Amino acid sequence: MSQIKCVILDDYQHVALSLANWHSISDRVSVVAFTDHLSDRAQLTARLKDAAIVIVMRERTPIDRQLLDQLPDLKLLITSGMRNAAIDLTAAREKGVTVCGTASAADAPLELTWALTLGLARHLVTENNAFTRGGVWQQTVGTTLAGKRLGIIGLGKIGSRVATIAQAFGMQVCAWSPNLTPARAEAAGVEFCAQKNTLLAQSDFVTLHMVLSEQSARLIDSADFAAMKASAYLINTSRAGLIAPGTLVNALKNQQIAGAGIDVFEQEPVAVDDEYRQLPNLLATPHLGYVSDSNYQRYFTEALENIRAWLDQQPIREIT
């Protein structure tokens, strides 16, 4: 039996081939993983040429109609997670490409949200850099979380768990989203904010946990930053598109807010000379929200299961 080609894209950590038993399908599928990111469309098309199966990691590489038009041999597309806005599902369906996903747990992005929050509150990077480089001993005054007000925008699967942890820290917690009801807020044990501006104006920390959609895009704009306290911090581990382009950079440069903890960006990877890299009041991570041992194990193990099922003409975890 001749082999078909499977390409794994954007394996930044060089781990994809070690996290699943790819040898179990080696008689039918030849698997290759690429660890670099290609933005150039011609190079990407050449890389995926002749591949019947492509595995993408979250939304690192857009799979749009233009690209799909150049990949006549593609039959199976697998994404980590069961949602991927970077895949044109309509075009894939029209071209007979089966799209499948995997499970993805909320633990990792939940934990990173608090890592960024605590890092901001206690100036951990500043103090660690000073310590390791022989700098000034103690130069910042941290912000105690207990007694402070946390505003959660989006009280869903992750947002509700963020609220529970905030309460354990002794924080006051309020929540708002376009569809949040007082009953749902009460069930989560948090205060319901009827207006977004009220939450922004009163909160010491604001954290975003919304799914990006046409309705939620640019949910936070320059007027919203102007409404926040000058001492407040913003955390975003969800999607960059929730914030209007350029407005966060301006708010940080003009010190409209004290700082921000950000894991997601309009363009990824972020360019070396991007303004984001020059902001002293920004604590940033390179989209690590879902990057954890348990999630990666799940992604690639289930991707392999998806391939086996598809080879047997019984695809599982289809995304339509």
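Residues numbered from 1 in each chain as written. Predicted model: local features only at pLDDT ≥ 70, side-chain atom pairs only at ≥ 80, totals over all residues. Heavy atoms only, no water.

S.K.: What is the right way to read the pattern of salt bridges from this model?
M.R.: Pairs may arise between side chains of opposite charge once their charged atoms sit close together. Scanning the entire structure with this criterion turns up 13 salt bridges. The salt bridge partner of E305 is R317, with a shortest N-O separation of 2.6 Å. On the criterion of sequence distance, the pair formed by E305 in helix α11 (residues 293-311) and R317 in the segment after α11 is long-range, its members being 12 residues apart. Residue classification places E305 among the partly exposed residues on the basis of a relative accessible area of 31%. By relative accessible area, which is 25% here, R317 ends up partly exposed. Counted as one network, the salt bridges with shared partners bring together E302, E305 and R317. (Salt bridge = Lys/Arg side-chain N within 4 Å of Asp/Glu carboxyl O. Helix = DSSP H or I, 4+ residues; strand = E, 2+ residues; numbered from the N terminus. Buried < 20%, exposed > 50% of the residue type's maximum accessible area, 1.4 Å probe, protein only.)

S.K.: Can you walk me through the nonpolar core in this structure?
M.R.: For soluble globular proteins, the rule of thumb is that nonpolar side chains tend to be buried together. By size, the foremost hydrophobic cluster in this structure holds 29 residues, and its most contacted members are I153, F225, L234 and L248. Contributions of two or more residues to this core are made by β7 (172-176), α8 (196-202), β9 (205-208), α10 (247-253) and β11 (259-262). The element that contributes the greatest number of residues to this core is α10, accounting for 4 residues. Aside from chain neighbours lying at most four places away, what touches I153 is W176, L199, L200, V206, T207, L208, H209, M210, L219 and I220. (Core = buried A, V, L, I, M, F, W, Y, C linked by side-chain atoms within 4.5 Å. Contact = heavy atoms within 4.5 Å.)

S.K.: Hey, could you run me through the UniProt feature "domain: D-isomer specific 2-hydroxyacid dehydrogenase catalytic" (unreviewed entry) in the protein in this one?
M.R.: Per the UniProt record, "domain: D-isomer specific 2-hydroxyacid dehydrogenase catalytic" (unreviewed entry) is found at residues 26-317. Across residues 26-317, helical content stands at 34% and strand content at 15%; the span's end C-alpha atoms are separated by 22 Å. (UniProt positions renumbered as here; feature names shortened; annotations may be inferred.)

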